Amino acid sequence: MRKKRKIIKYVLTYIILIALALFFTFPFLWVISTSFKGPENIFTWPPEWIPKKPTIENYIAVFKKIPMAKYFLNTLIITSLGVVFQVIFASLAAYPLARLNWKGKNLVFKLILLPMLIPMQGALIVNFITIIKLGLYNTYLGVVLPSAVTIFGIFLMRQHYLSIPAELEDAARIDGCNEFQVFWKISFPLVRPATSALAIFAFTAYWNSFLWPLIVLNSPDKYPVQVGLAQLSSSFEPNFRIASAAIVLVMVPILVFFYFTQRFFIEGYKGAVVK
Amino acid sequence: MKKLVLVFLVVLAVLSFSKVTIEFWTLSLSPTFDDYINAIIKDFEAQNPDIDVKWLDVPYGAAVQKFTAAVTAKQAPDVMNLNTTWAIDFAAQGALLPLDEYLTENEKNLYWEKLWNSTVIDGKSYAFPWYASIPILMYNRDFFGKAGLDPDNPPKTWDEVFKYSRIIRANLDIYGFEPNIIAVDELLLEGIPIVTPDGKKAAFNTPEAVAKLEWFQKAYRENLMPRSLGGYGEGRQLFEAGKLAMYPAGLTMLKHIETNSPDIYKVTDVAAYPVGKAGIIKASLMNFVIPITTKHPKEAVKFALFITSPKWQIEFSKYATILPSTKQGLETSEEFMERAKKGDLNAKAMLMASKSMEKAVDLNAITVHHIPSDKYSQVRKVLQDYWLKAIKGEYSAQEALDLAEKEINEILAN
Amino acid sequence: MKSRKMQVYFIVFLFLGIPLLLLGIFTYYPIIRGVFLSFTKYNMLLGTAKWVGFENYKALFKDKYFYTALQNIMKYLIVVPFIQFFSILLAILVNQKIPGIKFFRTLFYVPVITGSVIVSMAWKWIFNVDGLLNYTLLNLGLIKEPILWLTDSHLAIYSAMFVTFWRGLGYYMVIYLAGLQNIPSDVYEAAKIDGANSKQILFKITLPLLRPTMLFCFIISTLAALKVFEEIYLLTQGASGTATMMYLIYDYAFVRYKFGISAAASVIFSFILLIFTIINFKFFGLGGEKR
């Protein structure tokens, strides 16, 4: 009797999970389906989910029409740079805010959080002028620098640093470590879940960036993949199958990435929030 | 001494061959027209060895932001592709170079007057008209036949469109047509002025305007057009899904249908866009402007003239369903005449549209609507709001126009 | 001891120096400049600014759409409790160690990373007058006439909210999952031994223990709701009475080229966001900084 109940519960759970999965992914499913369609109508009603004659020609076309491989490389460069910057700066900045005692610590932290409340529409152009004055026009550094320090990153790291038992650090100090060594040998390694989580958040954010790189970059061969997507979805590119293939190509890496690293996402949030 | 002379000669040589590099941006033309644009660049550079041309293509949706940022930061190109509204907006902000001192009358005369005048503000010209799209009427011959209408006799006026739609709804129970409703345009196409010539008071609240609005209300009530009022985008999807009989839209949509719904394309035919009382057709015009920040105005002008020349615009028409803005148009192209004869629907549509280019007007032009540029988007928005609400039945036609008039007079008075 | 204190200050300057510098240049400077510009008539393209005092603010207070935008963001707050409640349920659902659960979590996360083009196409296709939703409701006999989800000025904003809801669930689910996993399992076991049923466990154990997480999520959810832009921009372009504050700010800047007024709207909006953050803190009690 108990077992039957369990089986029913099991089956019910999976039915709900599948139903929800469909709810959340239906647009993506349509895109995947379209990306494999040959010369058949794609805007039919009711929509046809299974291609009549599946083909991979659209995927090949993506790489032929635009330098998609180069765009992927560019995105990778921008993303890697961004991730490295964000992790380094947030890890460094949050440490004194969490683990050291000094005058003005709380004030500085509150000031850092403040801009979260401020809508940043106008910042785009002001930052562009600053980037140009710094001589970073049309560079990857120019793309990454304005977002190299994020408030969310500092917040996340600080919350994790707060959970380090003070005894460990004190023990190190007693053992004769100077402050730098305390940071490098004790505190920083202990927040690895946070640095991993931050790296992942940064990765997803940079992967999808579109407008800012477009404004800073002046050479089309430096464009990231999202711009490539826009190029394939313009009104002069009526073949939506190719655009669909491109969309799949751009979304799949990030989904795969999420699947394998979700544990770190979760660990990251754990330390941030439950304090 | 000899060294000095040598240096002097080298410097002289370098200076006399110093190249000017100009940069131009286009909107969403890459990768589709890479070959075409590169051919233009190659030809121009060959004819002008002292000018190097650099090309950047920008996605349409982000163009305003990128261009604004560029002009602000003084990194703008020398030649910029913009649509008429944006060209006028930027000209009104003082960001564009007035062109008259760089051009002769003959050069201006290459283009259709109405199109050139779209971007003339206070007597100064600000843009070179480039490719244009004018709407045509696409219709499904199959549906006509099945509803008892003659597929070789498409509607010529909006009243006929209405009549045909009724028949289609009655016999096939699908939508007759899908308009792309822009209130200001609907009024202008019927010859109804929006404001008084001095731009100070509303002038659209006339019996003719009421009649036109009531025409839309009837079409809505009888479900002859989709009640979601989704415009071109929705119309294309419905037409391609076989749920719409008549699709009045820009030429470019034809290619879309051809690519995405080949079955529907087989039974599609084209007719001239129905004309309202003003006898004009709405043109969607792309232009080239020259930002005021340019360091090489003469070279920029030269290039703009080159890329918008009749020869190259006609060439463009071979790649895309667009029309040249020059008086010398597609009828002078043997290739097009041949293709149309052979039954190429695209070519047929383009030749047909080409004949209407004389009537083509870009309704976004201040010389057409007379609304002061800094009030333009507000006036448009107010009219659009009330127009659509009336169509949906929230107001009567007269009520909506009265309310719009009141609000717009306030806006214009400030 | 003295030298250690010096070491501490050295670290403070070294570690915070560059980050604060970058924040200063790219975050604070635009904000301060924005406040300054809100008092000017600013032609961004030419870089000319003319001092006009409070004129921009007055213009906003006279603008009908300003009030519509304010109303709309208040309305949009309705989405917050819905997203939070369902995200918690979702997190509980995916917290089970059953085969394939990681895969399902990934699928639930898809809307979070789906690009704007697809989101707008898909949801327009659903909400259109002859879209999937009306088609289904009509066929099931639940409605007699199609409903204008995106063009009816009373409904449109709620349709946009639903899309926000759809996009946000996966995002908060992950955060709540973290919160749930922080609850030690013995707490549940003790409760089960005491004979508690699922509902009691949910309301008396899980939710209270999730409070810090909820504070965090409610704050960012509130801010996100008030700052909503994308869904409006994609689905209705601010038509049918759906303009929100962020859309208004964008519209004044890049459609009407009135950058000074746009800046003024940003300033006013910041105050509103500050007030709501304070409210959230008061409601959930101060969390996070008692160390």
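Criteria and cut-off values
- In this numbering scheme, every chain counts its residues from 1 along its sequence in written order.
- Starting at A for chains and at 1 for ligands, labels are handed out in the order in which the entities are written.
- The model is predicted, so local features are restricted to residues of pLDDT at least 70 and side-chain atom pairs to those at 80 or more, both for listing and for counting; the totals for chains, interfaces and linings are taken over all residues.
- Counting from the N terminus, the helices are DSSP H or I runs at least four residues long and the strands are E runs at least two residues long.
- The size measure is the radius of gyration over C-alpha atoms, and the globule rule it meets is 2.2 Å times the number of residues to the 0.38 power.
- Exposure is read from a count of other C-beta atoms within 10 Å of each residue's own; the residue is exposed at 12 or fewer, buried at 20 or more and partly exposed in between. C-beta atoms are placed from the backbone.
- In this description, a residue-residue contact is defined by the distance between C-beta atoms placed from the backbone, which must lie within 7 Å.
- Whenever a helix is involved, its axis is fitted only over the stretch in contact; in every case the axis is a line through C-alpha atoms, and angles between N-to-C directions fall within 0 to 180 degrees.
- By definition, any crossing whose near helix is turned counterclockwise from its far helix by less than a right angle is left-handed, and any crossing with a clockwise turn is right-handed.
- For this classification, the nonpolar set comprises Ala, Val, Leu, Ile, Met, Phe, Trp, Tyr, Cys and Pro, the charged set comprises Asp, Glu, Lys and Arg, and every other residue, Gly included, is treated as polar.
- For two strands to be treated as a pair, DSSP must find no fewer than two bridges joining them.
- Segmentation into domains, and thus their bounds, comes from an automatic or database assignment.
- Roughly parallel covers angles under 35 degrees, roughly antiparallel covers those over 145, roughly perpendicular covers 65 to 115, and oblique covers all other angles.
- Each nonpolar core comprises buried Ala, Val, Leu, Ile, Met, Phe, Trp, Tyr and Cys residues, the members being joined through C-beta atoms within 7 Å.

Considering the overall build of chain A
In step 1: Looking only at helices and strands, one finds 13 helices and zero strands in chain A.
In step 2: Helices and strands appear in chain A in the N-to-C order α-α-α-α-α-α-α-α-α-α-α-α-α.
In step 3: Compactness check: chain A gives a C-alpha radius of gyration of 24 Å against a globular reference of 19 Å for 275 residues, more than 25% above the reference.
In step 4: When the backbone C-alpha atoms are referred to their principal axes, chain A occupies close to 75 × 75 × 30 Å.
In step 5: Taking all 275 residues of chain A together, the buried fraction comes to 44%.
In step 6: Relative to all contacts within chain A whose residues are 6 or more apart in sequence, the contacts with residues 24 or more apart total 76%.

Remarks on the overall build of chain B
In step 1: When helices and strands are counted, chain B shows 20 helices and 13 strands.
In step 2: The C-alpha extent of chain B, read off along each of the three principal axes, is 95 × 60 × 35 Å.

Thoughts on the packing of helix 3 (residues 68–99) of chain A against helix 10 (residues 192–207) of chain A
All names here are of chain A.
In step 1: Two elements in contact, helix 3 and helix 10, have axes separated by 8 Å at closest approach and are oriented at 145 degrees. Two packed elements cross with a definite hand, and for helix 3 against helix 10 that hand is right-handed. Residues Thr75, Ile78, Thr79, Gly82, Val83, Gln86, Val87, Ala90 and Ser91 of helix 3 form the contact with helix 10, whose own contacting residues are Thr195, Leu198, Ala199, Ala202, Phe203, Tyr206 and Trp207.
In step 2: For the contact of helix 3 with helix 10, a count of residues per class yields 10 nonpolar, six polar and no charged.

A few points about the interface of chain A and chain C
In step 1: Tallying the contact residues gives 58 residues for chain A and 67 residues for chain C.
In step 2: Tallied by class, residues from the side of chain A that touches chain C come to 44 nonpolar, 11 polar and three charged.

A word on the sheet that holds strand 9 (residues 244–250) of chain B
All names here are of chain B.
In step 1: A sheet is described by the order of its strands in space; here four strands give the open sequence 8-9-7-10, paired in mixed fashion. Since the sheet does not close on itself, it has two edges, and those belong to strand 8 (175–177) and strand 10 (268–272), each with one partner. Across the sheet, the axes of successive neighbouring strands diverge by a mean angle of 30 degrees, strand direction being ignored.
In step 2: Bridge analysis of strand 7 (residues 135–140) against strand 9 gives five bridges, and the strand direction is antiparallel. Bridge assignment links Ile136 to a residue of strand 9, and that residue is Ala249.
In step 3: Together, strand 7, strand 8 and strand 9 form the strand contacts of helix 11 (residues 231–240), whose direction differs from that of strand 9 by roughly 140 degrees.
In step 4: Of the strands in this sheet, strand 7, strand 9 and strand 10 touch helix 12 (residues 252–260), which is tilted by about 130 degrees from strand 9.

Let's talk about the domain arrangement of chain A
Residues and elements named next belong to chain A.
In step 1: Examined at the domain level, chain A breaks down into domain 1 (4–12 + 15–55) and domain 2 (59–273).
In step 2: Placing a centre on the C-alpha atoms of domain 1 and another on those of domain 2 gives a separation of 33 Å.
In step 3: Between domain 1 and domain 2, the residue contacts involve seven residues of the former and seven residues of the latter.
In step 4: Here the residues of the side of domain 1 that touches domain 2 are counted per class, giving four nonpolar, two polar and one charged.

Re the environment of B:Thr293
All names here are of chain B.
In step 1: Along the chain, Thr293 falls in the loop between strand 12 (284–289) and helix 14 (297–307).
In step 2: Separated by 181 residues in sequence, Thr293 and Trp112 have C-alpha atoms that sit 28 Å apart.
In step 3: Non-local contacts of Thr293, meaning those with residues more than four positions away in its chain, are made with Val71, Lys74 and Ala76.

Some words on unusual backbone geometry
In step 1: Geometrically, the link from B:Ser30 to B:Pro31 is a cis peptide bond, its omega value of 0 degrees lying close to zero.
In step 2: With respect to the helices and strands, B:Pro31 occurs in the loop between strand 1 (20–27) and helix 2 (34–47).
In step 3: One non-glycine residue, A:Asn138, lies in the positive phi region at around 60 degrees.
In step 4: Checked against the element boundaries, A:Asn138 lands in the loop between helix 5 (123–133) and helix 6 (140–144).
In step 5: The backbone of B:Ser28 shows a phi angle near 50 degrees, a positive value even though the residue is not glycine.
In step 6: Note that B:Ser28 resides in the loop between strand 1 and helix 2.
In step 7: Note on B:Ser28: 21 C-beta atoms within 10 Å, which makes it buried.

A look at the interface of chain C and chain B
In step 1: With 16 residues of chain C at the interface, the matching set in chain B holds 17 residues.
In step 2: Each residue belonging to the side of chain C that touches chain B can be placed in one class, and the counts come to 10 nonpolar, four polar and two charged.

Regarding the packing of helix 3 of chain A against helix 7 (residues 151–162) of chain A
Residue and element names in this part refer to chain A.
In step 1: Taken N-terminus to C-terminus, the directions of helix 3 and helix 7 make an angle of 50 degrees; their axes are 8 Å apart at the nearest point. Considered as vectors, helix 3 and helix 7 are oriented oblique to each other. Considering only the axes of helix 3 and helix 7, their crossing is right-handed. Contacts between helix 3 and helix 7 involve Gln86, Ala90, Ser91, Ala93, Ala94, Tyr95, Leu97, Ala98 and Arg99 from the first element and Gly153, Ile154, Met157, Arg158, Tyr161 and Leu162 from the second.

Some points on the domain arrangement of chain B
All names here are of chain B.
In step 1: One can read the domain layout of chain B as domain 1 (19–132 + 284–346) and domain 2 (135–282 + 362–413).
In step 2: Using only C-alpha atoms to locate each centre, domain 1 and domain 2 end up separated by 29 Å.
In step 3: Across the boundary between the two partners, domain 1 contributes 17 residues, which contact 14 residues of domain 2.
In step 4: Listed by contribution, the elements that provide at least two residues to the side of domain 1 that touches domain 2 are helix 4 (84–92), helix 6 (113–117), strand 4 (120–121), strand 12 and helix 17 (345–355).

A look at helix 4 of chain B
Residue and element names in this part refer to chain B.
In step 1: Among the nine residues in helix 4, eight count as buried, and that is most of the element.
In step 2: For helix 4, the set of buried residues is Thr84, Thr85, Trp86, Ala87, Ile88, Asp89, Phe90 and Ala91.
In step 3: Remark: Gly94 follows helix 4 within two positions and exhibits a positive phi of approximately 85 degrees.

A look at the environment of A:Asn58
Residues and elements named next belong to chain A.
In step 1: Tracing the chain through its elements places Asn58 in helix 2 (residues 57–65).
In step 2: Sequence separation of Asn58 and Pro193 is 135 residues, and the distance between their C-alpha atoms is 40 Å.
In step 3: Look past the residues within four positions of Asn58 in its chain and what remains in contact with it is Ser35, Arg241, Ile242, Ser244 and Ala245.

Brief notes about the nonpolar core
In step 1: Judged by nonpolar contacts, the single largest core of 277 residues is most densely connected at B:Val289 and C:Met173.
In step 2: No other element matches helix 8 (residues 156–181) of chain C, which puts 14 residues into this core.
In step 3: Apart from the residues lying within four places of it in its own chain, the contact partners of B:Val289 are B:Met80, B:Leu82, B:Ala87, B:Phe90, B:Leu96, B:Tyr126 and B:Ala127.

As for the sheet that holds strand 1 of chain B
All names here are of chain B.
In step 1: Strand order in the open sheet made by the five strands is 2-1-3-12-6, with mixed pairing throughout. Because the sheet does not close on itself, it has two edges, and the strands there are strand 2 (51–58) and strand 6 (127–133). Across the sheet, the mean angle from the axis of one strand to that of its neighbour is 20 degrees, orientation sign disregarded.
In step 2: As paired strands, strand 1 and strand 3 (residues 79–83) are joined by two bridges and run parallel to one another. Its bridge partner lying in strand 3, Trp25 is registered against Met80.

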